[in-house]
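If you want the building blocks of each chain, they are given just below.
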Amino acid sequence: MGYRILEPADVPAYLHARGHWDDLDDIRVREVSDGNMNRVFLASNAAGTRGLAVKQALPWVRIAGPSWPMSPERADAEARAYEQVAGVAPDKIPAIHGYDADNYALVMEDMSDLEVLRTVLNEGAPYGPDTSRRIGEFVAQLTFATSDFGMPSAERKALVAASVSPELCKITEDVVLSEPYIEHEHNHWHPELDDLAAEFRADTRLRTEVADLRHTFMTSAQALLHGDLHTGSVMVGARDGAPVIRVFDPEFSFVGPIGYDIGLYWANVLVATARARALGTVTDHAAQLRLSWEGFESEFRRLWPTRVDTFFDDAYLDRFLRRVWTDAVGFAGTEIVRRIIGFAHLTDLTTLPDPVPASRATLRLGRQLILRRTELHHPEDIENLDAADTADGIRASQV
Ligand code: SR1
Ligand code: MG
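Procedures and definitions
Residues numbered from 1 in each chain as written. Chains lettered and ligands numbered in written order. Predicted model: local features only at pLDDT ≥ 70, side-chain atom pairs only at ≥ 80, totals over all residues. Heavy atoms only, no water. Near = heavy atom within 4 Å. Polar contact = N/O pair within 3.5 Å; in protein donor to acceptor, adjacent residues only side chain to side chain. Areas by Shrake-Rupley, 256 points an atom, 1.4 Å probe, with all protein chains shown as cover. Nonpolar A, V, L, I, M, F, W, Y, C, P; charged D, E, K, R; others polar. Domains from an automatic or database assignment. 1 Å grid on protein atoms, 1.4 Å probe; cavity = no way out; pocket = protein on both sides within 12 Å on 5 of 7 lines; lining within 4 Å. Points joined across faces, edges and corners; volume = space filled by probe spheres on them. Helix = DSSP H or I, 4+ residues; strand = E, 2+ residues; numbered from the N terminus. Core = buried A, V, L, I, M, F, W, Y, C linked by side-chain atoms within 4.5 Å. Buried < 20%, exposed > 50% of the residue type's maximum accessible area, 1.4 Å probe, protein only. Contact = heavy atoms within 4.5 Å. Phe/Tyr/Trp six-rings, centres within 6.5 Å; stacked < 30°, edge-to-face > 60°. Lys NZ or Arg CZ within 6 Å of the ring centre and 35° of its normal. Salt bridge = Lys/Arg side-chain N within 4 Å of Asp/Glu carboxyl O. Pairing = 2+ DSSP bridges. Axes fitted to C-alpha atoms, helices over the stretch in contact; angles between N-to-C directions.

J.: Can you walk me through the site of ligand 1 in this structure?
T.: By nearness alone, every residue bordering ligand 1 is listed as N36, M37, V61, W68, V175, D228, H230, F252, R338, R339 and F343. The contact in question runs from an oxygen atom of ligand 1 to an N or O atom on the side chain of N36, over 2.6 Å. Taken by itself ligand 1 offers 310 Å² of open surface, and the protein chains cover 96% of this. Tallied by class, residues from the shell around ligand 1 come to six nonpolar, two polar and three charged. Residues lining the shell around ligand 1 come from more than one domain, with at least three contributed by each of domain 1 (1-110) and domain 2 (111-398).

Take a look at the structure:
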């Protein structure tokens with residue numbers, strides 16, 4: 001069977017034919033596509049007691065349309081990543097009911113009772129006590145298991161080969177790790193950021209540090225990553241009175257530097273903090289970077305005694321984790337910068353009544369994270385930098 005792009009009206013018969021839904025008369029479908037890349041449909045019965053999600057990769061970038069072609073094979077990477085996570089952190093991803101490789105479609109858990117973390121934060125609600133720690137744990141569980149610590153060497157080589165994802169990696173290498181620092185048609189920004197955008201393009205020291213991070217992204221095959229771990233890739237909520245978290249959308253998954261996943265999350269935390277400051281709705285924002293790192297580090301250290309290769313000793317673990325930390329700080333900086341003067345901006349900032357002061361302060365912070373990543377050793381160091389950049393930003397906007 002060939003690849004067929006599904007429309008909402010096709011979904012009932014599709015689910016029925018693939019054995020996911022018996023009663024064709026009791027199925028309604030709505031499209032809830034929200035991300036940049038794919039289409040998502042939600043199917044439910046009339047009583048609202050049953051639901052399934054269908055996610056299909058299009059042969060282009062959804063928000064750009066056919067003018068930006070993109071192989072739908074990215075859905076294979078997503079299905080592979082879910083398979084890996086299901087083995088180590090099944091409670092932190094949606095249940096996958098089936099993958100249809102012919103149509104690049106995943107049938108998965110209906111998460112419409114949960115909310116996207118970015119939406120929760122944009123509405124002024126707190127993260128809650130567990131969210132960031134569990135995201136850190138998620139990264140540790142996935143990356144330990146798929147690193148040379150968690151997997152025998154030959155099996156790892158096979159995973160590295162199977163997870164090569166040139167097109168999606170190229171998107172990141174371009175939109176995150178180079179375009180914002182050169183002239184590029186994808187870049188755009190608020191006119192009151194013209195001076196900073198020009199400064200960033202002219203800053204040769206910044207460019208060299210971004211080149212270093214870009215090369216790390218291209219060559220450091222430490223573990224299987226989620227690959228796009230922003231706050232729009234996390235659903236949160238409660239079921240039966242217990243907190244629930246689901247990390248989803250791992251289509252950018254590949255074997256890369258662990259700090260990329262952590263850094264992406266941190267960037268989004270820092271941008272959410274900037275929004276909350278601008279609106280006077282700061283709640284538990286300041287703790288999140290530390291909580292996610294603690295969740296990651298403590299889980300990675302907990303798993304360490306189970307490593308398959310004990311030539312890697314405890315002193316090496318300390319060194320390895322320091323490297324992950326430093327990479328994470330730098331990648332956080334690059335994600336901040338691209339979300340403000342590159343491609344695919346964040347609603348955290350774009351929906352502010354005046355996005356300029358928060359954007360300026362956050363851009364400056366992003367630059368510092370890139371340039372000074374080897375001097376920043378603890379979450380407090382980043383908090384202090386953030387506070388200093390915010391104060392500078394406020395002073396500058398008052399001049
Ligand atoms: C062309 S895609 C732009 C962005 O959307 C995805 O969510 C990734 O973050 C990518 O960089
Ligand atoms: Mg996504």
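J.: For this particular structure, what's the right way to read the layout of surface pockets?
T.: Gaps between atoms show up when a probe of the same size as a water molecule is rolled over them. For the largest pocket, the calculated volume is near 1100 Å³. For the lining of the largest pocket, the secondary structure elements donating two or more residues are strand 2 (38-44), strand 3 (51-57), strand 7 (105-109), helix 3 (117-122), helix 6 (166-176) and helix 11 (314-341). Considering each element in turn, the lining of the largest pocket owes the most residues, four residues, to helix 6. Residues of the lining of the largest pocket, tallied by class, amount to 22 nonpolar, 13 polar and eleven charged.

J.: Where do I start with the nonpolar core in this structure?
T.: Ranked by internal contacts, the top residues of the largest apolar core, which has 104 residues, are I258, I262, W266, F296, F300 and L369. With 13 residues, helix 11 is the largest single contributor of residues to this core. Apart from the residues lying within four places of it in its own chain, the contact partners of F296 are G136, E137, V139, A140, T143, I258, I262, L321 and V324. L6, V11, W21 and V54 belong to the second largest nonpolar core, which has twelve residues in total.

J.: Just to check I follow, could you spell out the packing of aromatic side chains for this structure?
T.: Centre distance and the angle of the planes are the two values used to describe a pair of aromatic rings. In this structure the tally under the stated criterion is 20 aromatic pairs. Aromatic pair F217 and Y260: ring centres 4.9 Å apart, planes at 65°, arrangement edge-to-face. A residue pair is termed long-range when its members are at least 10 positions apart, and F217 in helix 8 (residues 204-219) and Y260 in helix 9 (residues 258-279) qualify at 43 residues. Summarising the burial analysis for this pair, F217 and Y260 share the class buried. With a centroid separation of 5.4 Å and an interplanar angle of 40°, the aromatic rings of F296 and F300 are classed as tilted. With F296 and F300 both in helix 10 (residues 288-303) and four residues apart, this pair spans about one turn of that helix. These aromatic residues form a ring-pair network of at least three members: F144, F149, W266, W293, F296, F300, W304, F312, Y316, F320 and W325. The aromatic ring of W21 is capped on one face by R50, whose charged end is 4.2 Å from the ring centroid.

J.: Just checking my understanding: could you explain the pattern of salt bridges for this structure?
T.: Oppositely charged side chains may form a pair once their charged atoms are brought near each other. This structure, assessed with the given rule, holds 31 salt bridges. Note that D249 is salt-bridged to K55, the shortest N-O span being 2.1 Å. Pair noted here: D249 is in the loop between strand 11 (242-247) and strand 12 (255-256) and K55 is in strand 3, with a separation of 194 residues, a long-range link. The residues D249 and K55 share a single accessibility class, namely buried. Across the pair R156 and D148 runs a salt bridge whose closest N-O atoms are separated by 3.1 Å. A relative accessible area of 5% means that R156 is categorised as buried. Given a relative accessible area of 28%, D148 falls into the partly exposed group. Put simply, D91, K92, R134 and E137 are held in one network by salt bridges that share partners.

J.: Would you mind showing me how to read the sheet that holds strand 11 here?
T.: Strands sit in the order 8-10-11 across an open sheet of three strands; the sheet is antiparallel. Two strands in the sheet have a free side with no partner beyond their single neighbour: strand 8 (115-116) and strand 11. As defined by bridge partners, strand 10 (residues 234-239) adjoins strand 11 across six bridges and the pair is classed as antiparallel. By the bridge assignment, G237 is partnered in strand 11 with V244. On the sheet, helix 4 (residues 131-145) packs against strand 10 and strand 11 and is oriented at approximately 45° with respect to strand 11.

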